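Summary of the model geometry
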Amino acid sequence: MLMFIIRRLVQTVPVIIGVTFVVFFIMQLVPGDPAVLLAGEGASKDTIEAIREQLGLNRPLYVQYFDYLMNLANGDFGVSLKNSQPVLDEILVRLPITLELALFSILITIVLGMGAGIISAVKPYSMQDVGVMLVALIGISLPSFWFGLMLMYFFSVKLQILPVAGWDSLLHVILPALTLGAGGAAIVARMTRSSMLDVIRQDYIRTARAKGLRERLIIYKHALRNALIPVITVVGLQFGALLGGTVLVESIFAINGLGRMIVDAIRMRDLPMVQGGVLFASLIFVIVNLFVDVFYRFFNKRIELN
Amino acid sequence: MSLEVKTEQPIVVPQSIIQPKESRLRDFLSIMMVNKAAMVGAIIILFYIFIAIFAPILAPYDPYEIQLENKLMPPSFEHWMGTDDKGRDILSRILYGSRLSMGVGFAAVAFGAFFGIIFGLVAGYYGKWVDSIIMRIMDVMLAFPGILLALAIISALGPSLINVTIAVGAFSVPLFARIVRGSTLEVKRLEYIDAIRSLGANDFTIIFKHIFPNILSPIIVQGTLRLATAILSAAGLSFLGLGAQPPSPEWGTMLSNGRDFLFSAPYIALFPGMAISILVLGFNIFGDGLRDAFDPRMKK
């Protein structure tokens, strides 16, 4: 197990370097000279040259990339072009909000998704199964930004029982978390159902039934445990989609998290901020994936046997 | 190159690969006919394609024409879906918008599929270090959560519908590459590939003439399901103001406009959202049906 964790950690390093590489080189696609952009319109040639010198833009690209990596290793994500503040400071202020939103959403994804999946799998091809799976299919197809607006209209405008926007209390969390978690819940529900159905057809479940165990015990103790193993991977992957989804949900509900920061930065052409935000979110995703893999390995003895 | 049949390991050959084309098509059609849900999906998609083609004939009004005296009118016989804050007919805008939203989705998936298929074929066929390098690059692309890679690309290229297409397409490349690589690995072990190679066919011919046509099924399934995601992502980016720009009747842009009138005129946001949801639902149902139809295990 320890060897697996070490091997997995070692495998993560090139991915992280690759992510920094992609982010760095995407920013090289920006049309025009960054020094000219930074200096603003009407700046003199000397000013532009000074900026180029100061930021090292006149050096070869690979040197710039190496410097960028070194800076990242020292926690230097660059400086915002708009307020000259370190990007990392802004990220660290926004991050807890986004993580909070992501955690509540993943909770909804897990509870709603697995619950619905189990309800479906217990009586396959029944009305309740068809109904739940239909709702799940619709859930996958709804655009989160529209679903969020409709929830806002219904609960905040019509019923007036939940706040429209902001991030001040637990009540503020409900609608954004539901908006963000619903799509993932639908995917997890489908996965749980098919995984449960696979397990329920196994011989050891038939044996458990033959022994005369109660159905409830068979489902929850014997089937569910094994059925949940592949679901864990899906939940891990959903976390990535969820982190990406915060961009939309935070914009809808005016939440000052990492996602909204990135969108605002794109609008204001604050490239170091975009770069830092995307990189940081990706690093979180890579680390979450690492945990999911280790978790999966820990629970799935079959892999070890193979 | 020897034509020896290796018998140490049993080669699992998916039925879909060794079946002749006609019978595969017949099987597929018969399963699709039975799979009512997939038929519903197909009908929805065809309906939208019909709308996109005939929008100029179907639309009762000019989608761009501003008529301030008609602004914010709720749904009525004159304006079935009401009018927006500039008095434009929402139904007409949605009908025209189908061209943009579907166009971006198709273009993005075509872009992603093109590069993904090439990378997947090359990685799967050549294996070894070529495979390692290509697939590690794909892993890196998959390390970006959700639409963040697309956001990074748009931040560099600037907001526009074309850049959204490129960004969403780039995001699909690794998904196609993975699937194509897996299928290529499976097919290249088959005897007929050895036979073709011994007849003197070069790698290009083997890859594109003999392997590619036999791995189309998973590509089509993935493509259909990716269309659903691509349409959602592109509309989402336009919703954020990073794609199509007003006064474009792109659905995400219309929804974004509707957000400002959620209190007074919720129907402005309601209908474009419904248009997206139903189309995406169609692709998802159809994709699910295709997967079942192409899956040999589903055949009894």
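Since the model is a prediction, treat every value here as computed from it, not as a measurement. (Residues numbered from 1 in each chain as written. Chains lettered and ligands numbered in written order. Predicted model: local features only at pLDDT ≥ 70, side-chain atom pairs only at ≥ 80, totals over all residues. Heavy atoms only, no water.)

1. Here's the deal with helix α10 (residues 215-252) of chain A
Residues three or four positions apart in an α-helix share a direction because the helix packs 3.6 residues into each turn. Here α10(A) contains 38 residues, and its C-alpha end-to-end distance of 45 Å is more than 12% below the 56 Å for a straight helix at 1.5 Å per residue. Residue A:L224 marks the point of greatest curvature in α10(A), where the axis turns by about 50 degrees. (Helix = DSSP H or I, 4+ residues; strand = E, 2+ residues; numbered from the N terminus. Expected span 1.5 Å × (residues − 1). Bend = angle between axes of the 7 residues up to and from the residue.)

2. Some words on the UniProt feature "transmembrane region" (unreviewed entry) in chain B
This chain's UniProt record puts "transmembrane region" (unreviewed entry) on residues 37-59, 104-126, 133-154, 160-180, 225-244 and 264-290 of chain B. As annotated, residues 160-180 of chain B comprises 95% helix and 0% strand, and the C-alpha atoms at either end are separated by 30 Å. (UniProt positions renumbered as here; feature names shortened; annotations may be inferred.)

3. Describing the packing of aromatic side chains
Taken as a whole and assessed by the stated rule, the structure comprises 17 aromatic pairs over all chains. Centroid distance A:F154 to A:F155: 5.2 Å. Interplanar angle 90 degrees. Geometry classified as edge-to-face. Judged by its relative accessible area of 44%, A:F154 falls in the partly exposed class. Taking the centre distance of 4.9 Å and the plane angle of 50 degrees together, the rings of B:F50 and B:F54 count as tilted. Taken as a pair, B:F50 and B:F54 lie in helix α3 (residues 36-58) at a separation of four residues, close to a single helical turn. Three or more aromatic residues joined by ring pairs make a cluster, and in this case those are A:F21, A:F24, A:F25, A:Y65 and A:Y68. The ring of A:Y125 is capped by A:R193, whose NZ or CZ atom sits 5.6 Å from the centre of that ring. (Phe/Tyr/Trp six-rings, centres within 6.5 Å; stacked < 30°, edge-to-face > 60°. Buried < 20%, exposed > 50% of the residue type's maximum accessible area, 1.4 Å probe, protein only. Lys NZ or Arg CZ within 6 Å of the ring centre and 35° of its normal.)

4. Observations regarding the packing of helix α8 (residues 170-200) of chain A against α10(A)
All names here are of chain A. Orientation of α8 relative to α10, taken along the N-to-C sense of each, is 150 degrees, at an axis distance of 8 Å. The angle between α8 and α10 falls in the class roughly antiparallel. Relative to α10, the crossing made by α8 is right-handed. For the contact of α8 with α10, a count of residues per class yields 18 nonpolar, eight polar and no charged. (Axes fitted to C-alpha atoms, helices over the stretch in contact; angles between N-to-C directions. Parallel < 35°, antiparallel > 145°, perpendicular 65-115°, else oblique. Left-handed = near helix turned anticlockwise from the far one by under 90°. Nonpolar A, V, L, I, M, F, W, Y, C, P; charged D, E, K, R; others polar.)

5. A word on the UniProt feature "transmembrane region" (unreviewed entry) in chain A
Residues and elements named next belong to chain A. As recorded in UniProt, the feature "transmembrane region" (unreviewed entry) lies at residues 12-30, 101-122, 134-157, 169-189, 227-253 and 273-296. Split by type, residues 101-122 is 100% helix and 0% strand. Its first and last C-alpha atoms lie 31 Å apart. End C-alpha atoms of residues 273-296 are separated by 34 Å, and the span's content is 100% helix alongside 0% strand.

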